[in-house]
Amino acid sequence: MIVESGSFYEFLMEKLMIFTHKRKEVKQKILAAIFFDKNRIKESRYLRVFREEFPEIADYICQLKRRDRKMLARILQKAESKFIIEKAVSSFIQKFSSKMEFISTIHDSIVVKISRLQDAYQVILDCFQAEGINPRLSLEKF
């Protein structure tokens, strides 16, 4: 699956004939075109390619946006927070509650001490796999 492998944007960039060194810039344009673009009269090339490759998903997104342009963003935010807080954080707390480990969240991420970074990674991976999803995750130290 393209999303699980982490190559969704690269896939679309290839279809759009855009060099991969522009990934960050193109990612923002793709997200804006698919999810948030409300004032455009003519369909952007990003949405056109997305629609060609994923017609059912594009139709679903467009139907939601017609009813309420903010609805999809709210649905996605709720799903993300439910997964991170109710599943991943809850699992982490259950597993490490006796040690009173620090844990917090930032959007779609869990923040823990460096000593628990690998544990948090595994908890999130396990939660995804319990849903039948095998994502490519990344660890960041900051």
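Here, the structure is the one placed above.
Since the structure is predicted, the reported quantities are computational estimates derived from the model, not experimental observations.

Asks: Describe the nonpolar core, naming the residues involved and giving the relevant values.
Replies: Judged by nonpolar contacts, the single largest core of 19 residues is most densely connected at F8, L12, I30, Y46 and F50. Examining the composition of this core, we find that 5 residues originate from one element, helix α2 (residues 8–16), more than from any other. Listed in part, the 14 residues of the second largest apolar core include I103, A120, V123 and I124.

Asks: Outline the side chain of E4, supporting the account with residue identities and numerical values.
Replies: Looking at the element boundaries, E4 is found in helix α1 (residues 2–5). Within the buried set, E4 has no salt-bridge partner at all; the shortest N-O distance to an opposite charge, 11 Å, is to R136. Leaving out residues up to four positions away in the same chain, E4 has contacts with G132, I133, N134, P135 and R136.

Asks: Could you give me a rundown of unusual backbone geometry, with the residues and numbers involved?
Replies: At M17, a position not held by glycine, the phi torsion is positive, near 60 degrees. Relative to the helices and strands, M17 resides in the loop between α2 and α3 (23–36). Judged by relative accessible area, M17 falls into the exposed class, the value being 76%.

How each quantity is defined
Residues numbered from 1 in each chain as written. Predicted model: local features only at pLDDT ≥ 70, side-chain atom pairs only at ≥ 80, totals over all residues. Heavy atoms only, no water. Core = buried A, V, L, I, M, F, W, Y, C linked by side-chain atoms within 4.5 Å. Buried < 20%, exposed > 50% of the residue type's maximum accessible area, 1.4 Å probe, protein only. Helix = DSSP H or I, 4+ residues; strand = E, 2+ residues; numbered from the N terminus. Lys, Arg positive; Asp, Glu negative; His and termini not counted. Salt bridge = Lys/Arg side-chain N within 4 Å of Asp/Glu carboxyl O. Contact = heavy atoms within 4.5 Å.

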